[in-house]
Amino acid sequence: MTKINSLFYRILPIVYLLVFNSCQSLIEEKNNLEKFKSFKEQQLTFGNQGHFLNHRQVFSADDKWAVFDNRNDGSEIMTNGGIAMLNLETKEIRNIYQVPNQNDYGPGVGAAVFNPKKDEVVFIHGLSNFNVNQPYDFTRRTAVAINPFEMDGKTMLDARDISAPFTPGALRGGTHAYSFSADGEWISFTYNDYIIQQLAKTDSSVKDLRTVGAMLPQGAIEVNGNKKYEDFSGKLFSIVAAVVTESPIAGSDEISKAYEEGWVGDNGYFNAKGELQKRALAFLGDVVDKNGNTVTEVFITDFPDSINDHKNIRLGGTKTTRPKPPNGMQQRRLTFTQDRKFPGVQGPRQWLLSTPDGSLLFFPMKDNNGVVQIFAVSPNGGKIKQITQNDFSMETSFSLDPKGKFVAYGHDRDIYISKIHSGKMMKIPLDLSYKSSDLSNINWSYDGKTILYNRKVKEENGSYYQIFSLKEQENE
């Protein structure tokens, strides 16, 4: 009996500690989510005009401004001529770029992002020699940068050269969906090649395939082309970061499309060897499974510490081949979902996001009940983790808080926040007395205190995309 009592009193502190820690975790979990109840919704823009946010990086580095374009539909870049920014405190709107000769065929601007480290806005800009026969197109657009506070003209970022022999470091088509690396130095993009697009019109074995790439601050690229307005120099060195092929082998890791890319980590990630991989780009890739079905999986490309083959002709491509990635770049497949009940990445359009430490990459996919949830995978591959555990499908893109602890997303007209570690969720209480639809483009600020998003608000003469905020209320 004495031994039993002794054992009991030895175990009791351990049991107490386990129960205490469990209770503390539950309390902390509740408190972590409860703080979002103080977030209050506010409509920031008004009027019979679109105020369309990009899906990421709309906040200025100091969180005081948000950049947007004037589209009232996500597909209207070709006919949109304006970029503006909104002061989040005063609601002042400044028009920071206006196309002087915009019409229904171009040039078109949109999808603006702020550099996270300095006063720079980058956006899509269609080519200036547009007309009814050659309008804005996937292969006819480029990246333009401006300082929104100095208004001292625009800077062409990606050089373009469609006159053979092609220039290494320049591209031969159109870029879009820009994303800055956390240090504000590199810019990722998706890309469609004009030379291959034209070749596909006469060669049925060739297809216009989308891929991803990056612009690097490694010196300006001078292009001495012979096609006015089609060939031009650029400030940054551009490379393709993924290999695509017209006819992927069934069951292989070959892809026919690379898209929805995102940088991995604020400073990269630690690979399976425990070494820091400083630069990496995650993206979606379309593979063909053993039954011949197209399945979308998560891929990653690791960049070498230095890219020193700047003059390699393979970077520029030829008249019959696409530009190739530089030497030393490694493309890997991270997910293998072909045997799941609902295989592949599925759900609202979503560019890949990662935690600040780069340990997890997030994407949408259906669970075994057919509900679209948020999932995550390590940049080293391995087991896929289900993040949300909802009984409804996420209907919008999602955004992570700056510390990588929470994820915000939408369903119907409501905003939800889930804790990444546990999947616990709460619905943000909102005033939905106004008539709105099309909740979209959720962005979390760098300080974690504001969430911006679009709603299409019904007015007397139509519905227009307006900017709304959920903002943490300061203690009075």
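Residues numbered from 1 in each chain as written. Predicted model: local features only at pLDDT ≥ 70, side-chain atom pairs only at ≥ 80, totals over all residues. Heavy atoms only, no water.

With that settled, the discussion passes to the overall build of the protein. Of the regular secondary structure elements, the protein holds 2 helices and 29 strands. A compact globule built from 476 residues should have a C-alpha radius of gyration of about 23 Å, and the protein, at 24 Å, falls within 12% of that. Principal-axis analysis of the C-alpha atoms places the extent of the protein at approximately 95 × 55 × 40 Å. A burial count over the protein gives 55% of its 476 residues as buried. Across the protein, contacts joining residues at least 24 apart in sequence account for 57% of those joining residues at least 6 apart. Taken as a whole, the protein presents about 21,900 Å² of accessible surface, with 49% of it coming from carbon and sulfur. Charged side chains of the protein number 54 positive and 56 negative; the gap between the two group centres comes to 4 Å. (Helix = DSSP H or I, 4+ residues; strand = E, 2+ residues; numbered from the N terminus. Rg over C-alpha atoms; globule rule 2.2 N^0.38 Å. Buried < 20%, exposed > 50% of the residue type's maximum accessible area, 1.4 Å probe, protein only. Contact = heavy atoms within 4.5 Å. Areas by Shrake-Rupley, 256 points an atom, 1.4 Å probe, with all protein chains shown as cover. Lys, Arg positive; Asp, Glu negative; His and termini not counted. Charge placed at Lys NZ, Arg CZ, Asp CG, Glu CD.)

Mapped onto the secondary structure, S181 falls in the loop between β9 (173-180) and β10 (187-193). There is a polar contact of 2.6 Å between the side chain of S181 and the side chain of D183. Those residues in contact with S181 that sit more than four places away from it in its chain are P116, W186, W263 and R279. (Polar contact = N/O pair within 3.5 Å; in protein donor to acceptor, adjacent residues only side chain to side chain.)

By the definition in use, this model includes 16 salt bridges. Put simply, E34 and K37 hold a salt bridge, and the shortest N to O gap is 3.3 Å. Of the charged contacts, one joins D253 and R333 as a salt bridge, the two residues approaching to 3.0 Å between their closest N and O atoms. In this pair, D253 sits in the loop between β12 (237-240) and β13 (258-263) while R333 sits in strand β18 (residues 330-333), placing the two residues 80 residues apart along the sequence. D253 gets classed as partly exposed once you look at its relative accessible area, which sits at 40%. Each of R140, R160 and E230 takes part in one network of salt bridges that share partners. (Salt bridge = Lys/Arg side-chain N within 4 Å of Asp/Glu carboxyl O.)

Using the criterion set out here, one finds 15 aromatic pairs in the structure. Taken together, a centroid distance of 5.9 Å and an interplanar angle of 70° make the contact between F36 and W444 edge-to-face. On the criterion of sequence distance, the pair formed by F36 in the loop between α1 (2-34) and β1 (39-43) and W444 in strand β27 (residues 436-444) is long-range, its members being 408 residues apart. In this pair, the class of F36 matches that of W444, namely buried. Note on W186 and F303: the rings are 5.5 Å apart at their centroids and 85° apart in plane angle, and the pair reads as edge-to-face. (Phe/Tyr/Trp six-rings, centres within 6.5 Å; stacked < 30°, edge-to-face > 60°.)

Now for the sheet that holds strand β6 (residues 121-126). For sheets, the rule is that strands pair by backbone hydrogen bonds, running either parallel or antiparallel. On the basis of which strands lie adjacent, the open sheet formed by 4 strands has the order β5-β6-β7-β8 and antiparallel pairing. Two strands close off the open sheet at either side, each with one partner strand: β5 (109-114) and β8 (155-156). (Pairing = 2+ DSSP bridges.)

Within strand β24 (residues 406-411), 5 of the 6 residues are buried, which leaves the element mostly enclosed by the surrounding structure. With 2 bridges connecting them, strand β23 (residues 399-400) and β24 associate as antiparallel partners. What sits directly across from S399, in β24, is A408. In this structure, the hairpin formed by β23 and β24 is closed by a connection of 5 residues, where G404 is found at a positive phi of approximately 75°. As paired elements, β24 and strand β25 (residues 414-419) share 6 bridges and run antiparallel to each other. Within the sheet, the bridge partner assigned to V407 lies in β25 and is S418. Here β24 folds back onto β25, and the loop between the two strands holds 2 residues, one of which, D412, carries a positive phi near 55°.

To continue, consider the nonpolar core. By size, the foremost hydrophobic cluster in this structure holds 26 residues, and its most contacted members are V212, A214, I239, I255, A258, F283 and F303. Elements that contribute at least two residues to this core include exactly β11 (211-216), β12, β13, β16 (280-288) and β17 (294-302). Here I239 is in contact with F189, G213, A214, L216, F303, I307, P326 and M329, once residues within four sequence places are set aside. Membership of the second largest hydrophobic core comes to 19 residues, among which are F406, M426, I442 and V457. (Core = buried A, V, L, I, M, F, W, Y, C linked by side-chain atoms within 4.5 Å.)

What follows concerns unusual backbone geometry. The residue after G106, namely P107, is reached through a cis peptide bond having omega 0°. In this structure, P107 sits in the loop between β4 (93-98) and β5. The amide bond that connects A164 to the next residue, P165, takes the cis arrangement and shows omega of 0°. Among the structural elements, P165 can be located in the loop between β8 and β9. Unusually for a residue other than glycine, E260 sits at a positive phi of about 50°. Assignment of secondary structure puts E260 in strand β13.

Further remarks concern a negative patch on the surface. Negative charge collects at one region of the surface, where D62, D119, E150 and D152 lie side by side. By secondary structure assignment, the location of D119 is in the loop between β5 and β6. Assessed through its relative accessible area of 43%, D119 is described here as partly exposed. (Patch = residues over 30% accessible without salt bridge, like charges linked within 9 Å, V, L, I, M, F, W, Y side chains within 5 Å.)

Before going further, it helps to spend a moment on the confidence of the model for the protein. Per-chain confidence: the protein averages 91 in pLDDT, with 93% of residues scoring 70 or above. Of the regions scoring below 50 in pLDDT, residues 12-30 engages in 3 contacts with residues more than four places distant in sequence or in other chains. (pLDDT = per-residue confidence, 0-100.)

All right, on to the sheet that holds strand β3 (residues 82-87) then. If you walk across this open sheet you meet the 3 strands as β2-β3-β4, and the pairing is antiparallel. Here the strands that pair on one side only, and so sit at the sheet edges, are β2 (65-69) and β4. Adjacent strand axes in the sheet meet at a mean angle of 25° when their direction is disregarded. Note that β3 and β4 share 5 bridges and pair antiparallel. Bridging across to β4, L86 finds its partner in I93. (Axes fitted to C-alpha atoms, helices over the stretch in contact; angles between N-to-C directions.)

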